[in-house]
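# Notes for the structure review
One letter stands for each residue in the lines below.
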Amino acid sequence: MKTKSFFIIAAMTLSIAQALGQGLLNKVKNKATQEINKLEQGAASNSSANSTRNKLSGNVTRTVAVNLREGESFNYSESCIDLGATINQISFIVNTGFGDKQQCFSYRNGTRTPVPCPTNTDCSTSLQCSYNKLRQIELESDEAKKYIVNETETHQVAQPTISDQQLKMMSAYMTKEQIEQMKKQLADAQKQTANQTYSTIKSRTIQFNGKTYGPFSQLSQFYLSVDNKNFYATTLEIDQAMNYTYKVITSAVGATIAISGVMPPMSCIASGDNSEFAAVVANNEGQYRILTSRGMTIEVPDITNFQGAWYSTIGSHLMILSKNNLSYDGHVIKTFEGNSSVDPCSLYVGADGKGVTSIKDNIISFADGDRFEYPLKIALIDSGGKMYFKWLALENQSVVIYQKPY
Amino acid sequence: MLKRVIFVLALGLPFVFATAQEDYGKIFSSDYSKANQFFVTEENWINDIIDSFHLKRKEIKAIVFPELIRYNSIQDKIETFALESLYIQHGKTYANFSIGRFQIKPSFAECIEIDFIKMFGESALKKFLKTIVVDTMQNIASREARLKRIKDEETQLTYVCLFFKIMEQKYPIWKTDKEKIRFFASAYNSAYRKSAKEIKEFANKNFFYAGFIPTKKYCYADIAWYYFQN
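Residues numbered from 1 in each chain as written. Chains lettered and ligands numbered in written order. Predicted model: local features only at pLDDT ≥ 70, side-chain atom pairs only at ≥ 80, totals over all residues. Heavy atoms only, no water.

With that out of the way, let us pick up the overall build of chain B. Counting its secondary structure elements, chain B contains 13 helices and zero strands. Starting at the N terminus and ending at the C terminus, chain B contains elements arranged as α-α-α-α-α-α-α-α-α-α-α-α-α. Looking at chain B residue by residue over its 230 residues, the buried ones come to 50%. Expressed as a percentage of contacts within chain B between residues at least 6 apart in sequence, the contacts between residues at least 24 apart total 67%. Roughly 11,700 Å² of accessible area belongs to chain B as shown, and the carbon and sulfur atoms make up 55% of that amount. (Helix = DSSP H or I, 4+ residues; strand = E, 2+ residues; numbered from the N terminus. Buried < 20%, exposed > 50% of the residue type's maximum accessible area, 1.4 Å probe, protein only. Contact = heavy atoms within 4.5 Å. Areas by Shrake-Rupley, 256 points an atom, 1.4 Å probe, with all protein chains shown as cover.)

Quick look at the packing of helix H4 (residues 43-52) of chain B against helix H10 (residues 153-170) of chain B now. The angle between the axes and the distance between the axes are what describe a pair of packed helices. All names here are of chain B. Here H4 crosses H10 at 35°, and the two axes come no closer than 10 Å. The way H4 lies across H10 gives a crossing that is right-handed. Packed against H4, whose contacting residues are Trp 45, Ile 46, Ile 49 and Ile 50, the element H10 presents Glu 153, Glu 154, Leu 157, Thr 158 and Cys 161 at the interface. Among the residues making up the contact of H4 with H10, the classes are represented as six nonpolar, one polar and two charged. (Axes fitted to C-alpha atoms, helices over the stretch in contact; angles between N-to-C directions. Left-handed = near helix turned anticlockwise from the far one by under 90°. Nonpolar A, V, L, I, M, F, W, Y, C, P; charged D, E, K, R; others polar.)

This part takes up the pattern of salt bridges. One pass over the structure, following the stated rule, counts 27 salt bridges over all chains. A salt bridge links Arg 371 of chain A to Glu 373 of chain A, with the shortest nitrogen-to-oxygen separation between them at 2.7 Å. Lys 180 of chain B is the partner of Glu 168 of chain B in a salt bridge, and the nearest nitrogen-oxygen pair spans 2.9 Å. Taken as a pair, Glu 168 of chain B in helix H10 and Lys 180 of chain B in helix H11 (residues 177-189) lie far apart in primary sequence, twelve residues in all. Overall, the relative accessible area of 26% leaves Glu 168 of chain B in the partly exposed class. Its relative accessible area of 10% is what places Lys 180 of chain B among the buried residues. Three or more residues are tied together by salt bridges with common partners; here these are Lys 92, Glu 110, Glu 113, Arg 146 and Arg 149 of chain B. (Salt bridge = Lys/Arg side-chain N within 4 Å of Asp/Glu carboxyl O.)

Another point: the sheet that holds strand E6 (residues 135-136) of chain A. Residues and elements named next belong to chain A. With respect to topology, five strands assemble into an open sheet ordered E6-E10-E11-E12-E13, the strand pairing being antiparallel. Whereas interior strands pair on both sides, the edge strands pair on one side only; in this sheet they are E6 and strand E13 (257-260). Where strand E10 (residues 219-224) and strand E11 (residues 231-238) come together, five bridges link them in antiparallel fashion. When the sheet's bridge partners are listed, Leu 219 is paired in E11 with Thr 235. (Pairing = 2+ DSSP bridges.)

Here the focus is the sheet that holds strand E20 (residues 325-328) of chain A. All names here are of chain A. Strand order in the open sheet made by the four strands is E18-E19-E20-E21, with antiparallel pairing throughout. Lying at the two open borders of the sheet, with one neighbouring strand each, are strand E18 (306-311) and strand E21 (331-335). Geometrically, the sheet is characterised by an average inter-axis angle of 20° between neighbouring strands, direction not taken into account. Two elements, strand E19 (residues 318-322) and E20, share four bridges in a ladder whose sense is antiparallel. Directly across from Leu 321, in E20, lies its bridge partner Leu 326.

So, on to the state of the cysteines. All names here are of chain A. On inspection of all chains with the given rule, the structure shows one disulfide over all chains. A sulfur-sulfur distance of 2.0 Å marks the disulfide that ties Cys 129 to Cys 345. Here the disulfide of Cys 129 and Cys 345 is left-handed, its torsion about the S-S bond being about -95°. Remark: Cys 345 occurs in the loop between E21 and strand E22 (347-349) and Cys 129 occurs in the loop between strand E5 (111-115) and E6; sequence separation between them is 216 residues. Residue Cys 129 shares its accessibility class with Cys 345, and that shared class is buried. (Disulfide = S-S within 2.5 Å.)

Our focus in this paragraph is the confidence of the model for chain A. With 81% of its residues at a pLDDT of 70 or more, chain A has an overall mean of 80. Segment residues 1-50 of chain A is flagged for pLDDT under 50; beyond a separation of four residues in sequence, or across chains, it makes 27 contacts in the model. (pLDDT = per-residue confidence, 0-100.)

Next up on the list: empty space enclosed by the protein. In total, this model carries two cavities of 30 Å³ or more according to the counting rule given. Around the largest cavity sit Asp 361 and Asn 362 of chain A together with Ile 88, Glu 144, Leu 147, Lys 148 and Lys 151 of chain B, which together line it. The class makeup of the residues in the lining of the largest cavity is two nonpolar, one polar and four charged. (1 Å grid on protein atoms, 1.4 Å probe; cavity = no way out; pocket = protein on both sides within 12 Å on 5 of 7 lines; lining within 4 Å. Points joined across faces, edges and corners; volume = space filled by probe spheres on them.)

Shown next, in the form of structure tokens:
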């Protein structure tokens, strides 16, 4: 079809060229090229319609990144597809053959290179969360040791002893042999604990990007931002009257959140640029609320139906998902089906706070009604200051990159 | 006589070393405790599902326990999104991967569905998988539905129980608990459609490791048996 059209257009081009001269010939040539491109694009969009349930409007661009060779398939133990930061960047690994004859190739920005087949699936590029999801670090983990320095104090293990008064009382109901036995056991215990010591944590100091925070007598939580460039931590102070005060601090801004009560925060959230943060907390009466670094308090009346709070990617608006209702700065913008489980990481709220793009069951449902089934990888990219959805698909043997404005 | 004693000792020594049990609770430490804790906190629904099959709770928990250990060590790092899309579109030959806490592969689920229907009938499978129609045909819709099923934790356990029913039907008589648990665990971890000889051979091999990079490998069957005893 494409060839036939090409010959018709080429023949037309030739006859017109003979009649009207070179200048006109170039114009017609260009027209012919445009026609051929149209035909190719048409064929491409047909192949993208593997599923008739896909719906893509005019603002979606489609680019064939590479055509896999016969017998090549994505290495299924290798899920590290990197979509990069710009439209043309992409890398992944494919394999051909089996067993000893298996060979892997890396496709990186259009270049195909033989590489050793990966031996593990440790993929550092996990599915991108739609917002700056803080990562809680266990205080005793090796990762925490990179940032937290413990000051310890050493204590002597107490020696077991029995006073003369206690011995006298024992002799009233124990036989002589029993007392001798007990004394022997006591001597053994004293021998075992002699000069034994143990240490406890006196205080903790956070050392982050060359700065020192603390010391804190008690540190109960430690979080890192997605890019690991900022930390958030919860400290605990207990005064002489046994009043508990938790405090959320951060390396990002000077603001803190003070929380009265014996419960540490349930979770901590931060905006994409880390200029704002908030904590979901409960007071001693069991009432839940969200406290923000700007001094706002938002009540959470029904904690059993509370599904999460976070800041939107664009504009640092506070998002709350509760009872399947998604609110944007307090206004409900979408209600999800009652029996559906919604993952906040898969919700992308539009810059105007009106539409929501969601990813569920390997289907992207865009805010404007577009839809795409079974993408391999999805990323948000910044191109010239404008945000785009970028996703990868395998259509027949073509690896295709799609892009759509956020 | 002396020669005979040495010969007997030589034969016996590998057995002694092979059966010397490691302290897997210590080896896998926090991943082991978390796996154990999962069975405690989620006891109600887990027991309900196992009971509905009239199977022994301890046996089912033992054969999947090593998978729970592994899941705890890798859960923050695994990304199956691309593989899920590839499986739905192109099937198990293109993408076959482990999902969730019980580390179920789509190919395993496909085999279980087919074999269970053959042994116990379609209505029995419908009852346990709680779907109106279990479609074992190879098409996008059936793979999509299967993937949804195996991403659900309760259904994952249901697949484990279906596997156990198939195995009990196929291998009904056992001399000891140890033989049965080690054999079933190996079948679960390798491929239950293999011959009994191959599964038995696998039961003595060290292929199991937590995390992504195998620093030291252990025997899946031994870990399952260790959990069963403790």
